[in-house]
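Close look at the chain arrangement
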Amino acid sequence: MKQISIILAAMVTLSACKDDVKSPQTVQYYIEHPEARQAMLDECEVKNGSDLDADCINARDALSQATSAKDLENLDKYFGDTSSED
């Protein structure tokens, strides 16, 4: 009977671990939350396999998009509207 209790407790503990797995944040989330993006990028720098981690990929994509948007803002500031109108 004691063995069954131990096995049951182990099963409950292991099943609870599945709930700890979080879904990766989206690129849009990281664009809107630069502090979270930087924290994730810092973590990804030292994390093995970060090139395959969805959060790392999304944080890098968000950085790229945010940087591009900022560059366009600066161009518009100095040179006027840089969007092409054909």
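Above: the structure in question.
All of the points below concern the structure found in this document. (Residues numbered from 1 in each chain as written. Predicted model: local features only at pLDDT ≥ 70, side-chain atom pairs only at ≥ 80, totals over all residues. Heavy atoms only, no water.)

Counting residues in each nonpolar core, the largest one holds eight residues, listed as Val27, Tyr30, Met40, Leu41, Cys44, Cys56, Ala59 and Ala62. What Tyr30 contacts, discounting residues up to four positions off in sequence, is Gln25, Ala36, Arg37, Met40, Asp55, Asn58, Ala59 and Ala62. (Core = buried A, V, L, I, M, F, W, Y, C linked by side-chain atoms within 4.5 Å. Buried < 20%, exposed > 50% of the residue type's maximum accessible area, 1.4 Å probe, protein only. Contact = heavy atoms within 4.5 Å.)

On to helix H4 (residues 54-79). For H4, spanning 26 residues, the distance from its first C-alpha to its last is 37 Å, which sits close to the expected 38 Å at 1.5 Å a residue. Taken together, the buried positions of H4 are occupied by Asp55, Cys56, Asn58, Ala59 and Ala62. The inward-facing, buried residues of H4 abut helix H2 (27-32) and helix H3 (34-46). A distance of 3.0 Å separates the backbone nitrogen of Asp55 from a side-chain oxygen at the start of H4, and that oxygen is part of Asp53. Backbone geometry just after H4 places Gly80 at a positive phi near 85°. (Helix = DSSP H or I, 4+ residues; strand = E, 2+ residues; numbered from the N terminus. Expected span 1.5 Å × (residues − 1). Polar contact = N/O pair within 3.5 Å; in protein donor to acceptor, adjacent residues only side chain to side chain.)

Below, the discussion takes up the state of the cysteines. What the rule picks out here adds up to one disulfide. Here Cys44 pairs with Cys56 through a disulfide, and the sulfurs are 1.9 Å apart. Judged by the sign of its S-S torsion, about -95°, the bond between Cys44 and Cys56 is left-handed. Here Cys44 is found in helix H3, whereas its partner Cys56 is found in helix H4, with twelve residues between them in sequence. With respect to burial, Cys44 and Cys56 carry one shared label: buried. (Disulfide = S-S within 2.5 Å.)

Further remarks concern the pattern of salt bridges. A complete count under the given rule lists three salt bridges for this structure. Taken together, the shared-partner salt bridges connect Glu43, Lys47 and Asp53 into one network. (Salt bridge = Lys/Arg side-chain N within 4 Å of Asp/Glu carboxyl O.)

Our focus in this paragraph is the packing of H3 against H4. As a packed pair, H3 and H4 sit with axes 9 Å apart at the nearest point and diverge in direction by 125°. Of the possible angle classes, the one that applies to H3 and H4 is oblique. In terms of crossing hand, the pair formed by H3 and H4 is left-handed. Of the residues in H4, those in contact with Arg37, Met40, Leu41 and Cys44 of H3 are Asp55, Cys56, Ala59, Arg60, Ala62, Leu63 and Ala66. Class assignment of the residues belonging to the contact of H3 with H4 gives a composition of eight nonpolar, no polar and three charged. (Axes fitted to C-alpha atoms, helices over the stretch in contact; angles between N-to-C directions. Parallel < 35°, antiparallel > 145°, perpendicular 65-115°, else oblique. Left-handed = near helix turned anticlockwise from the far one by under 90°. Nonpolar A, V, L, I, M, F, W, Y, C, P; charged D, E, K, R; others polar.)

Scanning all chains against the criterion turns up one aromatic pair. Summarising the aromatic geometry, the rings of Tyr29 and Tyr30 are spaced 5.4 Å apart at their centres and angled 75° between planes, so their arrangement reads as edge-to-face. (Phe/Tyr/Trp six-rings, centres within 6.5 Å; stacked < 30°, edge-to-face > 60°.)

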